Amino acid sequence: MHGKEGGAHKEHMHGKHMAGGGPMKEGRTRHMEGVRGTIAKLRAIEAEMEALKSKEDAAAFRATSLEHSKLLTDLQASHLKHMEGMMGGK
């Protein structure tokens, strides 16, 4: 009898975890959309940096480079926060 109860419990729990994903799936989807948007911004900035490189405008290149670096840092911070949330941390 105990074996049957354990089996039913396992099936119930498995079904609960697999049913659509719920809020966690929505969170992952939002996170991925954010990451895609940031990557698109990074690519646009890289193109701008490439154009500035040939114009020898050092100040504009530095400003664009700093913007690019900040986006990369934000992306890494977002990823870390997401992973910590998945691990039950901060």
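Here, the structure is the one placed above.
This write-up is about the structure you can find in this document. Owing to the predicted nature of the structure, the values given are computational and were not obtained by experimental measurement. (Residues numbered from 1 in each chain as written. Predicted model: local features only at pLDDT ≥ 70, side-chain atom pairs only at ≥ 80, totals over all residues. Heavy atoms only, no water.)

**Let's talk about helix α2 (residues 22–55)**
For the α-helix, the turn length of 3.6 residues means that residues three or four positions removed from each other point alike. The condition that has to hold: Each helix is a run of DSSP H or I of at least 4 residues and each strand a run of E of at least 2, with the numbering of both proceeding from the N terminus. Expected helix span is taken as 1.5 Å per residue step, with the number of steps being one fewer than the number of residues. Contacts are assigned to residue pairs with any non-hydrogen atoms lying within 4.5 Å of each other.
A rise of 1.5 Å per residue sets the reference length of α2, with its 34 residues, at 50 Å; its end C-alpha atoms lie 50 Å apart and thus fit the reference within 8%. For α2, the secondary structure elements touched by its buried residues are α3 (58–86). At the C-terminal side of α2, glutamate 56 shows a positive phi close to 60°.

**Considering the pattern of salt bridges**
To keep things clear, this is the line we draw: We define a salt bridge as a side-chain nitrogen of Lys or Arg found within 4 Å of a carboxyl oxygen belonging to Asp or Glu. Whether a residue is buried, partly exposed or exposed follows from its accessible area with a 1.4 Å probe, protein chains only, as a fraction of its type maximum: under 20%, in between, or over 50%, in that order.
Under the defined criterion, the tally for this structure stands at one salt bridge. One salt bridge in this structure joins arginine 43 and glutamate 46, with 3.0 Å as the shortest N-O distance. Here arginine 43 and its partner glutamate 46 are both found in helix α2, three residues apart, which amounts to about one turn of the helix. Here arginine 43 falls in the exposed class, since its relative accessible area comes to 54%.

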